[in-house]
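Understanding the architecture of this molecule
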Amino acid sequence: MHAVVISEPGGPEVLRWTEVDDPVAGPDEVLVDVVASAVNRADLLQRQGRYDPPPGAPPYPGLECSGRITALGSSVTGWSVGDEVCALLPGGGYAERVAVHAGSLLPIPAGVSLEEAAALPEVACTVWSNVVDVARLRAGETLLVHGGASGIGTFAIQYATALGATVYATARASKHEGIAALGATPIDYENADFAAEVRADVILDIMGASYLARNLKALRTGGRLVIIGLQGGTKAEINLGQLLAKRATVAGTTLRARPIEDKARIVAGVRQQVWPLIEAGLIRPIVDRRFPMRDAAEAHRVVADSGHIGKVLLTT
Ligand SMILES: NC(=O)c1ccc[n+]([C@@H]2O[C@H](COP(=O)([O-])OP(=O)(O)OC[C@H]3O[C@@H](n4cnc5c(N)ncnc54)[C@H](OP(=O)(O)O)[C@@H]3O)[C@@H](O)[C@H]2O)c1
């Protein structure tokens with residue numbers, strides 16, 4: 001089969017469509033013929049040599065895919081050869097074929113095409129596990145999402161809106177129309193201070209250090225800040241007095257490195273609680289554009305320049 005191989009750490013040009021060995025399914029895995037994968041910001045870090053895949057994962061990037069099952073491991077139940085699926089992956093999605101743990105498989109939600117379903121697993125699992133599992137966002141509360149136009153942000157806006165929350169989202173001004181259409185009140189992070197404009201019960205943050213002080217200011221009493229990205233750095237001072245006075249919680253998580261059983265629990269939660277909202281038309285995959293997988297370098301350039309709203313797909 002072919003896969004997008006990282007020939008050496010570097011820029012988009014190091015991504016090469018190369019013939020590689022076919023994957024072999026373990027007892028708890030299925031083989032999926034990939035129809036599409038999607039670019040995540042983490043893939044750019046992996047390409048630069050700054051985010052190694054966890055042990056046992058394929059060396060190629062790709063945290064999600066959609067496709068058809070072509071073979072079943074000996075212990076797999078509940079899935080059949082020929083089933084159309086999408087899947088959360090520890091890596092390896094930028095390939096024509098991938099071995100997937102059965103606990104990481106999801107059916108294609110009704111109303112979503114097989115190709116577009118590749119845009120769902122990573123954002124659905126990340127948003128559900130943080131906004132619901134960790135931060136316990138409830139109807140009537142206010143969510144502030146940083147990077148509202150990102151893959152993660154566009155999903156979080158739709159999900160929180162569907163839950164009955166009020167949503168604010170930071171984004172550059174050119175993307176405001178797009179995220180307002182999804183249900184968020186946009187904030188121009190380049191020209192306004194979000195901490196002067198919003199008080200939120202939950203903040204889903206992708207910036208880390210550079211936003212920590214203002215995030216604490218923007219939290220309401222009892223607020224929950226969940227940090228899932230460090231685009232603004234890793235080290236910052238925290239005013240613990242503010243944390244105590246607000247009875248606030250600061251949490252951080254990553255999805256990729258979690259044990260397979262934990263991922264299976266998250267995937268099951270997404271299937272039970274998020275998939276019905278997609279099937280009801282309350283959430284849809286936001287696909288900005290598609291590239292043939294062999295042109296993954298071009299797709300990485302688009303994402304690096306933040307030229308997109310939502311997800312960029314790679315099709316086989
Ligand atoms: N911890 C986890 O498990 C986990 C899982 C998935 C993703 N993530 C993280 O979530 C983030 C989004 O991932 P993605 O793949 O969806 O990324 P993406 O589509 O590439 O989006 C990146 C976003 O960052 C925004 N941004 C840049 N500077 C900003 C600032 N100063 N204030 C607010 N927003 C800013 C950009 O907004 P504009 O285009 O409007 O400038 C862009 O929408 C990444 O940091 C990623 O590492 C974490």
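This structure is a prediction, so every number in the text was calculated from the model and none was measured.

Procedures and definitions
- Residues numbered from 1 in each chain as written.
- Predicted model: local features only at pLDDT ≥ 70, side-chain atom pairs only at ≥ 80, totals over all residues.
- Heavy atoms only, no water.
- Disulfide = S-S within 2.5 Å.
- Buried < 20%, exposed > 50% of the residue type's maximum accessible area, 1.4 Å probe, protein only.
- Near = heavy atom within 4 Å.
- Polar contact = N/O pair within 3.5 Å; in protein donor to acceptor, adjacent residues only side chain to side chain.
- Helix = DSSP H or I, 4+ residues; strand = E, 2+ residues; numbered from the N terminus.
- Nonpolar A, V, L, I, M, F, W, Y, C, P; charged D, E, K, R; others polar.
- Contact = heavy atoms within 4.5 Å.
- Phe/Tyr/Trp six-rings, centres within 6.5 Å; stacked < 30°, edge-to-face > 60°.
- Lys NZ or Arg CZ within 6 Å of the ring centre and 35° of its normal.
- Pairing = 2+ DSSP bridges.
- Right-handed = clockwise from strand over helix to strand, strands pointing away.
- Axes fitted to C-alpha atoms, helices over the stretch in contact; angles between N-to-C directions.
- Parallel < 35°, antiparallel > 145°, perpendicular 65-115°, else oblique.
- Core = buried A, V, L, I, M, F, W, Y, C linked by side-chain atoms within 4.5 Å.
- Domains from an automatic or database assignment.
- Buried area = accessible area lost by both parts, 1.4 Å probe.
- Salt bridge = Lys/Arg side-chain N within 4 Å of Asp/Glu carboxyl O.

**Quick look at the state of the cysteines**
In a disulfide, the sulfur atoms of two cysteines are held together by a covalent bond. Under the counting rule described, the total for this entry stands at zero disulfides. Free of any disulfide, C86 has its nearest neighbouring cysteine sulfur in C65, separated by 8.0 Å. C86 gets classed as buried once you look at its relative accessible area, which sits at 0%.

**Structural notes on the site of the ligand**
Taken together, 26 residues are adjacent to the ligand, and R41, K175, Y189, Y211 and Q231 come closest. At 2.7 Å from an oxygen atom of the ligand is found a side-chain nitrogen or oxygen belonging to Q231. Contributing elements (two or more residues each) for the shell around the ligand: α2 (121-134), α3 (151-163) and β9 (166-171). Taken together, the residues of the shell around the ligand break down into ten nonpolar, twelve polar and four charged.

**Quick look at the environment of E197**
Looking at the secondary structure, you find E197 in helix α5 (residues 194-197). Note: C-alpha distance between E197 and L137 (60 residues apart in sequence) is 20 Å. Leaving out residues up to four positions away in the same chain, E197 has contacts with I187 and A192.

**Let's talk about the packing of aromatic side chains**
Using the criterion set out here, one finds two aromatic pairs in the structure. With a centroid separation of 6.4 Å and an interplanar angle of 25 degrees, the aromatic rings of F155 and Y159 are classed as stacked. Placement of the pair is F155 and Y159 together in helix α3, with a separation of four residues, close to one helical turn. Note on F155: relative accessible area 3%, which makes it buried. Seen in terms of ring centroids, F194 and Y211 are 4.9 Å apart; in terms of plane orientation they differ by 50 degrees. Their pairing is tilted. Pair noted here: F194 is in helix α5 and Y211 is in the loop between β11 (200-205) and α6 (212-218), with a separation of 17 residues, a long-range link. As far as the burial class goes, F194 and Y211 line up, both buried. The lysine or arginine in question, R256, covers the ring of Y51, its NZ or CZ lying 4.8 Å from the ring centre.

**So, the pairing of β9**
In this sheet, β9 lies alongside strand β8 (residues 142-145) in parallel orientation, the contact comprising four bridges. Counted as the bridge partner of L144 is Y168 from β9. The pairing of β9 with strand β10 (residues 184-188) spans five bridges and is classified as parallel. Paired with A169 across the two strands is P186, which belongs to β10. In this fold, the crossover linking β9 to β10 by way of helix α4 (residues 176-182) has right-handed handedness.

**Notes on unusual backbone geometry**
At R136, a residue that is not glycine, the phi angle is positive and equals roughly 55 degrees. In this structure, R136 sits in the loop between α2 and β8. Even without being glycine, S306 reaches a positive phi, approximately 55 degrees. Locating S306 in the fold gives a position in the loop between α10 (296-304) and β15 (311-315). For S306, a relative accessible area of 22% gives the class partly exposed.

**What about the environment of V98?**
Within the secondary structure, V98 is located in strand β6 (residues 97-101). For V98, a relative accessible area of 2% puts it in the buried group. In this structure, V98 is in contact with P23, V30, L31, V32, V34, C65, L89, G91 and G92, ignoring residues within four places of it in sequence.

**Some remarks on the packing of α2 against helix α8 (residues 260-273)**
With their axes 9 Å apart at the nearest point, α2 and α8 run at an angle of 90 degrees to one another. When the axis of α2 is compared with that of α8, the two are roughly perpendicular. Contacts between α2 and α8 involve A124, C125, W128, S129, V132 and D133 from the first element and R265, I266, V267, G269, V270 and Q273 from the second. Broken down by class, the residue content of the contact of α2 with α8 amounts to seven nonpolar, three polar and two charged.

**Points about the nonpolar core**
Judged by nonpolar contacts, the single largest core of 47 residues is most densely connected at F155, Y159, V270, V274 and W275. Looking at this core element by element, the count peaks at seven residues for α2. Taken domain by domain, this core gets at least three of its residues from each of domain 1 (2-120 + 256-315) and domain 2 (124-252). Apart from the residues within four sequence positions on either side, V274 is in contact with W128, F155, Y159, G269 and I283.

**Topic: the domain arrangement of the chain**
Each domain of the chain was delimited in the assignment, giving domain 1 (2-120 + 256-315) and domain 2 (124-252). Domain 1 and domain 2 are separated by 26 Å when their C-alpha centres are compared. At the junction of the two partners, domain 1 supplies 23 residues and domain 2 supplies 19 residues. Between domain 1 and domain 2, roughly 1800 Å² of surface is buried when both sides are summed, and carbon and sulfur atoms account for 65% of that area. Counting every contact that joins domain 1 to domain 2 gives one salt bridge. Between R265 and D133 there is a salt bridge, and its shortest N-O distance comes to 2.9 Å. The leading source of residues in the side of domain 1 that touches domain 2 is α8, at six residues. Looking at the side of domain 1 that touches domain 2 residue by residue, the class counts come to twelve nonpolar, five polar and six charged.

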